[in-house]
Amino acid sequence: MIQLSQITKRFPGIIANDAVDLTVRPGEIHALLGENGAGKSTLMQILYGFHAMDSGQILLDGQRVSITSPADAIALGIGMVHQDFMLVPTFTVAENTILGLREGTGAMLNLKRAASRIRELSEQHHLAVDPNAITGTLPVGVQQRVEILKLLYRDARVLILDEPTAVLTAPEKYRLFTVLRGLRAQGRSILIVTHKLHEIMELADRVTVMRDGRNVASVAVEDTSGPELARLMVGRDVNLSVSKLEVPPGPSILSVKRLSVRDHAGQRKLKDISLELHPHEILGIAGVDGNGQSELAQALLGLRTIEGGSILLNGRDITEARVAERRALGLAYVPADRRNVGSVADLSIADNAMLTQPRSNTRHSLFNKTLIRARAQTIITRFGVRGANDETHASKLSGGNLQKVILGREIMSAPKVLVVEQPTRGLDVGAIESIWAELLRERAKGTAILLVSAELEELLNLADRIAVMYEGRIVGVVDPASATAEQLGMMMAGTPLEPTGVSS
Amino acid sequence: MRLLVRRLTPNNSPAAIATTMLAAILAAMAIASLLFLDFGANPLSAYYALFHEPFGTLRGFGYAVVKATPLTLIALGTIVACRSGFTYLGFEGCFTLGAAASAWLALATAPGQWAASLSPLLFFPAAVLISFTVGALWSGLTGILRARFGGNEVLISLMSNYVAILIVKYLVAGPMRAPGSLPETDQLPHATWLAFIIPGTRGHAGVLIALAAAFLVWMLLRKLPLGFELIVSGLNPAAARYAGIDVARRTLLAAALSGGLGALAGLTEILGVQHRLMDGISGGVGFTGVIVALLAEMNPIAVLPTALIYGGMTVGADAMQRRAGIPSSITFILQSLIVLFVLASSMLRYYRFNFAALRSKKEAMQA
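Residues numbered from 1 in each chain as written. Chains lettered and ligands numbered in written order. Predicted model: local features only at pLDDT ≥ 70, side-chain atom pairs only at ≥ 80, totals over all residues. Heavy atoms only, no water.

Examining the overall build of chain A
Looking only at helices and strands, chain A has 16 helices and 22 strands in total. Projected onto its principal axes, the C-alpha coordinates of chain A cover approximately 70 × 50 × 45 Å. When burial is assessed residue by residue, chain A has 54% of its 504 residues classed as buried. Within chain A, contacts between residues at least 6 apart in sequence are counted, and of these 66% link residues at least 24 apart. Seen as two clouds, the 56 positive and the 56 negative side-chain charges of chain A have centres 4 Å apart. (Helix = DSSP H or I, 4+ residues; strand = E, 2+ residues; numbered from the N terminus. Buried < 20%, exposed > 50% of the residue type's maximum accessible area, 1.4 Å probe, protein only. Contact = heavy atoms within 4.5 Å. Lys, Arg positive; Asp, Glu negative; His and termini not counted. Charge placed at Lys NZ, Arg CZ, Asp CG, Glu CD.)

This is the structure in structure tokens:
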């Protein structure tokens, strides 16, 4: 149906796409897999008319077409759901759906007709959406449905989805997959840009792997395997099976007792959380996003007002201590939002590398540039930050490289307790591998690690114990050696396994 | 092959910045020269007059320095506030209150007053301290309203200008008024005047305060952890809090520092130029200083030449009006055009010349 042939695109200094071929058949879910910077996004932006290609051609049903703007793409039946949604938050679903369309003859919008057509479409495709809802008030998963509805409203035959599951919870993800399978059954083609291997294995029919701007393989999913795709994507063997050193945990270093926290709206987000954390230990915190895991991490760092309970670090009560004091006492934190909280986009790597302890980079209380650059350089070399020097702005780093800078910075402060939240969310396997290795190295050194993650695989691989959170409570603690993903899934859905607190 | 090629990131080298700025200024001058034609004046000789007076004569240069001094201080205040994420526009008020505070102290050293025995050596540090403090408290109020209650500092600071100006209007009309018809104070004692340090001109020692302030602000923002914390708070408050920076306190500090600098501008004007307090002393310098900071791209060192050129053009405009009869308002149009063009010129840094294309074209023509 759609055929990209010999697409080449150069940017100053790099070849983003080097003679890439890609064929998507009708009624097929085709995955485009690659590490960050492999050229997937560029290719999709060429197909959608955002970028002009330097050479190559696009064939639609065997006809050569020219796509110079998104309007051209839409007219040809090609639609795209961007990773960051392109919706006006204050508009209703119906208004967003017809935004940019000109239909009918009159100057007036016919919102009612649009609404009824949206209802029709949403029923037909099992995309439950209220056309009159204000878009900004809808959950992310529903907003994504609005984006898909927009494409169906325009009767797109080729749907491009850029990292569609990055923002979704597990149940939302499965609903999306059902919808996509339905669209496939109607003969539409779906192109999914992703770097999540298991999703490809589960959903896609065929997969194209890109590396360094080239198409390294296009294969049917049943003819390949996860490890093989990982190898194609990274260009070498990837080893995600970790071997942990058995170290007997020492006496507790962080002790949380009956901790309660409310959010800004007055909702109780943590209810009587108690846990103990020991040196040489990784305590995993599992749970569906929004069940208090983030609040727990933030409360430990002092970023949330604590309503009740206490936190003891190394025997010292830090319940009331400010963030800087807690950091000075040996707490470090890798937040889930690495772009907006863990780093400052407009500052260089060197500045970001000293973000959490600027005062330790001075001589005679003035900044010492040599010291600052040396620290940044150490992080870049030791943690393998690629394609960057100490003057590169954080905004120019890929998610994986930025995460290495942040994790490196926090580890370099030699913490006693390291709180890590979603350390590998959205990262490719190569980066995941190195982040995991760093966390295990810290564990071996004796750091106590609290690992908040939505990825069960990550928790089962790294954690010594896993505490499952549901609606602000710890509903159970399991041993990853004996726990299964199904068991954890049940607990995350609110079924308690054993009525115990987290104390060993 | 196109001659101009778009870059992915702007070229921010000093040479590129200087070139684009120069191009912007020349373009603005070319357009403004059309205005001169209407007065039958030759644009070239008009521009000569405009720049010869401030930068070709000693007397004019002295005036240019005098004009540049408060502009520099207010621009520095703008930089401290802006880099810390605090959009402060209350410099008219700080300027006026700073002027009033130093006038009050100066008048108190007149014979028979309570501070008559204050030695001149102590007077100037005391005046700087008192002016700075008054300005810092005034802008600090806006800072508290923002940091504590989440108020909009742009609105509050703009409105606070009127309050401050009216307070001083009241002072010179009432408690501080000298006997006489005009609402103004007595002339300040000569011992409290800032010394004229450029011989043969009105250039006074206030410029030293401005130079010192520029150095200190540069030190703060580039060399001190405190300045780094201010910048981080401004760029990304969430990241700042995460890093353990007390954002509210930093905001308050930035507000106070910038108001203090604005008040020092008032001090240099009252002790260096006017030598008495009167109504309407600021004359818009509290806003012009913000423009200077913008033109200098929020760089405390670049503020110095920018303020000098800007102040010099004001001086040149007066000379132009005297000599050639060309309204000085044309200069304000020119200044505004320069501001617009310079602000727009940063876009040019996204392009580069493709000299290879030019060469290949030439070769093609030769062949």
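Having seen the structure, we can now continue with the description.
Some remarks on the environment of Phe 196 of chain B
Residue and element names in this part refer to chain B. Along the polypeptide, Phe 196 turns up in the loop between helix 6 (153-173) and helix 7 (206-223). Here Phe 196 falls in the partly exposed class, since its relative accessible area comes to 36%. Along the chain, Phe 196 and Val 273 lie 77 residues apart, while their C-alpha atoms are 9.9 Å from each other. With sequence-adjacent residues up to four places away left out, Phe 196 is seen in contact with Thr 201, Arg 202, Gly 203, His 204, Gly 272 and His 275.

Side note on the sheet that holds strand 16 (residues 331-334) of chain A
Residue and element names in this part refer to chain A. If you trace the six strands from one edge of the open sheet to the other, you get 16-19-20-13-21-22, paired in mixed fashion. Looking at strand neighbours, the two that pair on one side only are strand 16 and strand 22 (473-478), the edges of this open sheet. Going from strand to strand, the sheet's axes swing by 20 degrees on average, the running direction of each strand aside. Here strand 13 (residues 282-286) pairs with strand 21 (residues 465-470) via four bridges, running parallel. (Pairing = 2+ DSSP bridges. Axes fitted to C-alpha atoms, helices over the stretch in contact; angles between N-to-C directions.)

Notes on the packing of helix 7 of chain B against helix 10 (residues 247-274) of chain B
All names here are of chain B. At a closest axis distance of 10 Å, the pairing of helix 7 and helix 10 adopts a crossing angle of 165 degrees. With respect to helix 10, the axis of helix 7 lies roughly antiparallel. Read as a crossing pair, helix 7 and helix 10 show a hand that is left-handed. Packed against helix 7, whose contacting residues are Gly 206, Ile 209, Ala 213, Val 217 and Leu 220, the element helix 10 presents Leu 257, Leu 261, Leu 264, Leu 267 and Thr 268 at the interface. (Parallel < 35°, antiparallel > 145°, perpendicular 65-115°, else oblique. Left-handed = near helix turned anticlockwise from the far one by under 90°.)

Digging into empty space enclosed by the protein
Residue and element names in this part refer to chain A. Overall, the coordinates contain three cavities of 30 Å³ or more when judged by the stated rule. Of the volumes computed, that of the largest cavity is approximately 90 Å³. Forming the walls of the largest cavity are His 126, Leu 127, Gly 141, Gln 144, Arg 145, Ile 148, Leu 168, Glu 172, Arg 175, Leu 176 and Val 179. Here the residues of the lining of the largest cavity sort into five nonpolar, three polar and three charged. Contributing to the lining of the second largest cavity are Ile 29, Ala 31, Pro 164, Thr 165, Phe 177, Ile 192, Thr 194, Glu 199, Ile 200, Leu 203 and Ala 204. Looking at the lining of the second largest cavity, the elements that each hand over two or more residues are strand 3 (29-34), strand 8 (189-194) and helix 7 (197-203). Counting residues per element, the lining of the second largest cavity draws most heavily on helix 7, which supplies three residues. Considered class by class, the residues forming the lining of the second largest cavity number eight nonpolar, two polar and one charged. (1 Å grid on protein atoms, 1.4 Å probe; cavity = no way out; pocket = protein on both sides within 12 Å on 5 of 7 lines; lining within 4 Å. Points joined across faces, edges and corners; volume = space filled by probe spheres on them. Nonpolar A, V, L, I, M, F, W, Y, C, P; charged D, E, K, R; others polar.)

Re the domain arrangement of chain A
Residue and element names in this part refer to chain A. Under the domain assignment used here, chain A contains domain 1 (2-234), domain 2 (251-330 + 415-504) and domain 3 (344-412). The distance between the C-alpha centroids of domain 2 and domain 3 comes to 26 Å. Of the residues lining the interface, 13 residues belong to domain 2; the matching set on domain 3 comes to ten residues. Summed over both sides, the interface between domain 2 and domain 3 buries roughly 990 Å², with carbon and sulfur atoms accounting for 63% of that surface. The three residues of domain 2 that bury the most area against domain 3 are Arg 327, Ile 435 and Glu 438, which together make up 41% of that side's buried surface. Counting the contacts that link domain 2 with domain 3 gives two salt bridges. As a salt-bridge pair, Glu 410 and Arg 327 come within 2.9 Å of each other at their nearest N and O atoms. One can count two residue pairs in polar contact (both at pLDDT 80 or more) joining domain 2 with domain 3. Element by element, the count of residues in the side of domain 2 that touches domain 3 is highest for helix 14 (residues 429-445), at seven residues. The residue makeup of the side of domain 2 that touches domain 3, split by class, is seven nonpolar, two polar and four charged. (Domains from an automatic or database assignment. Buried area = accessible area lost by both parts, 1.4 Å probe. Salt bridge = Lys/Arg side-chain N within 4 Å of Asp/Glu carboxyl O. Polar contact = N/O pair within 3.5 Å; in protein donor to acceptor, adjacent residues only side chain to side chain.)

Thoughts on the side chain of Gln 422 of chain A
Relative to the helices and strands, Gln 422 of chain A resides in the loop between strand 19 (417-421) and helix 14. Looking at Gln 422 of chain A, the relative accessible area reads 6%, which means it is buried.

A closer look at the environment of Ala 99 of chain B
Residue and element names in this part refer to chain B. Within the element layout of this structure, Ala 99 appears in helix 4 (residues 91-108). For the pair Ala 99 and Tyr 48, spaced 51 residues apart in the sequence, the C-alpha separation amounts to 35 Å. In this structure Ala 99 touches Ala 263, Gly 266, Leu 267, Ile 270, Leu 277 and Ile 281, once residues within four positions along its chain are discounted.

Quick look at the nonpolar core
Most often, soluble globular proteins keep nonpolar side chains buried together rather than apart. Counting residues in each nonpolar core, the largest one holds 91 residues, and the members touching the most others are Leu 259, Leu 296, Val 417, Leu 418, Val 419 and Leu 439 of chain A. In terms of residue count, the dominant contributor to this core is helix 14 of chain A (six residues). Looking at which domains feed residues into this core, each of domain 2 (251-330 + 415-504) and domain 3 (344-412) of chain A gives three or more. With residues near it in sequence (within four places) discarded, Val 417 of chain A still touches Ile 253, Leu 254, Leu 277, Leu 313, Gly 330, Leu 331, Ala 332, Thr 447 and Ala 448 of chain A. Ranked by size, the runner-up nonpolar core spans 81 residues in total, among them Ala 49, Val 80, Ile 326 and Ile 338 of chain B. (Core = buried A, V, L, I, M, F, W, Y, C linked by side-chain atoms within 4.5 Å.)

Description of the packing of helix 1 (residues 14-37) of chain B against helix 13 (residues 329-345) of chain B
Residues and elements named next belong to chain B. For the pair helix 1 and helix 13, the least separation of the axes is 8 Å and the interaxial angle reads 145 degrees. As helix 1 runs across helix 13, the sense of the crossing is right-handed. Within the contact between the two elements, helix 1 uses Thr 20, Met 21, Ala 24, Ile 25, Ala 27, Ala 28, Met 29, Ile 31, Ala 32, Leu 35 and Phe 36 and helix 13 uses Ile 330, Ile 333, Leu 334, Leu 337, Ile 338, Phe 341, Val 342 and Ser 345. In terms of residue class, the contact of helix 1 with helix 13 is built from 17 nonpolar, two polar and no charged.

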